[in-house]
Amino acid sequence: QQQVKQSPQSLIVQKGGISIINCAYENTAFDYFPWYQQFPGKGPALLIAIRPDVSEKKEGRFTISFNKSAKQFSLHIMDSQPGDSATYFCAASISGSARQLTFGSGTQLTVLP
Amino acid sequence: DAGVIQSPRHEVTEMGQEVTLRCKPISGHNSLFWYRQTMMRGLELLIYFNNNVPIDDSGMPEDRFSAKMPNASFSTLKIQPSEPRDSAVYFCASSLFHQLSSYEQYFGPGTRLTVT
C-alpha cells in the first residue's frame, strides 16, 4: 500500500526555535517528495520538494533532509516565526501518468511569539 | 495569472439534495485532481483527470459521487444524494503534466460543504 506516515500530529515551538516534522514511506518507487503548507481557509501550497538523488535541499529557512536507506524524510524550519504557524503535509509521488500525490496526515505547527 | 478557481466557496445543503462543486484549473494545465479534506481522514484523492480523461477514480467513495471534465477549463464534482458524512472541504488542484515538468500541483481555495 502506498502510505506516507507523518509525525508529530501537532507541534508547538517558540519563536526562533527549530521545527522538525518527520515522514516515512514504504514504497521504494516513490521518486518525488514535496512538502505543502496550508493556512486556515486556504488550499495547500507547495513549500519545498526533493528528489531521492540528493540528501538535503535548503530554501531559505526551510530544509528537507532525505534518508533513502531509512525511507524517511523530514522538514526543518529554522528560526521559526509566528507566520509559519500552519498545517504542513508531506507527500510522495511515483513517476507516471500525472504524478499522483500520496499525502501524509499533516502536522499542525504553532509558533509562539 | 488567476490560480485554480473553485465555486461555491461554501455550500450548506440538506441531506438528500444534489450538490455540484465547480473547478476552473489554471490555463494550460492538463491534469486536474479532486481532493476531500476532513479532520479524521486528512487529504484524500478522489479522482484525477489527464487531458480531460478520468485516469483513476478509485478514491471516489461511492456511486453517489461523480466527476466530469467536459473541457480543459472546467470540471464538476457532483454528489447525489448528499449525506451528512459528506461534509468536508473539497479541493480542486491542477498541474502541467509532462515528463520533464515539475510535479507541482496548484490547489484552489476549496469548497466547504456542510450537509445537515
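Overview of the structure.

Quick notes on the rules
Residues numbered from 1 in each chain as written. Chains lettered and ligands numbered in written order. Predicted model: local features only at pLDDT ≥ 70, side-chain atom pairs only at ≥ 80, totals over all residues. Heavy atoms only, no water. Pairing = 2+ DSSP bridges. Helix = DSSP H or I, 4+ residues; strand = E, 2+ residues; numbered from the N terminus. Axes fitted to C-alpha atoms, helices over the stretch in contact; angles between N-to-C directions. 1 Å grid on protein atoms, 1.4 Å probe; cavity = no way out; pocket = protein on both sides within 12 Å on 5 of 7 lines; lining within 4 Å. Points joined across faces, edges and corners; volume = space filled by probe spheres on them. Buried < 20%, exposed > 50% of the residue type's maximum accessible area, 1.4 Å probe, protein only. Disulfide = S-S within 2.5 Å.

**What about the sheet that holds strand 7 (residues 65-71) of chain B?**
Residue and element names in this part refer to chain B.
- Strand order in the open sheet formed by 4 strands is 1-3-8-7, and the pairing between neighbours is antiparallel. Each of the sheet's edge strands pairs with one partner strand only, and the pair in question is strand 1 (5-7) and strand 7. Strand after strand, the sheet turns through a mean of 15° between neighbouring axes, direction not considered.
- Relative to strand 8 (residues 74-79), strand 3 (residues 19-24) runs antiparallel, the two sharing 5 bridges. Paired with Val 19 across the two strands is Ile 79, which belongs to strand 8.

**A few points about the layout of surface pockets**
- Estimated volume of the largest pocket: approximately 780 Å³.
- Taken together, 31 residues make up the lining of the largest pocket; nearest its centre are Gln 38, Thr 87 and Phe 89 of chain A together with Gln 37 and Met 39 of chain B.
- Of all the elements in the fold, those that place two or more residues in the lining of the largest pocket are strand 9 (86-93) and strand 11 (107-112) of chain A together with strand 4 (31-38), strand 9 (88-95) and strand 11 (111-115) of chain B.
- A per-element tally of the lining of the largest pocket places strand 11 of chain A first, with 4 residues.

**Some points on the pairing of strand 8 (residues 72-77) of chain A**
- Of all the 6 residues making up strand 8 of chain A, 5 are buried; the element is thus mostly covered by neighbouring parts of the structure.
- Connecting strand 7 (residues 62-67) of chain A to the antiparallel partner strand 8 of chain A that follows it, the hairpin turn spans 4 residues, and Lys 71 of chain A within it adopts a positive phi of roughly 55°.

**Concerning the state of the cysteines**
All names here are of chain A.
- All chains considered together, the criterion is met by 2 disulfides over all chains.
- The residue that forms a disulfide with Cys 23 is Cys 90, at a sulfur-sulfur distance of 1.9 Å. Of note, the bridge from Cys 23 to Cys 90 carries an S-S torsion of about -95° and is left-handed in sense. Separated by 67 residues along the polypeptide, Cys 23 in strand 3 (residues 19-25) and Cys 90 in strand 9 bring together distant segments of the chain.
- A residue is classified by how much of its surface remains accessible, and Cys 90, at 0% relative accessible area, is buried.

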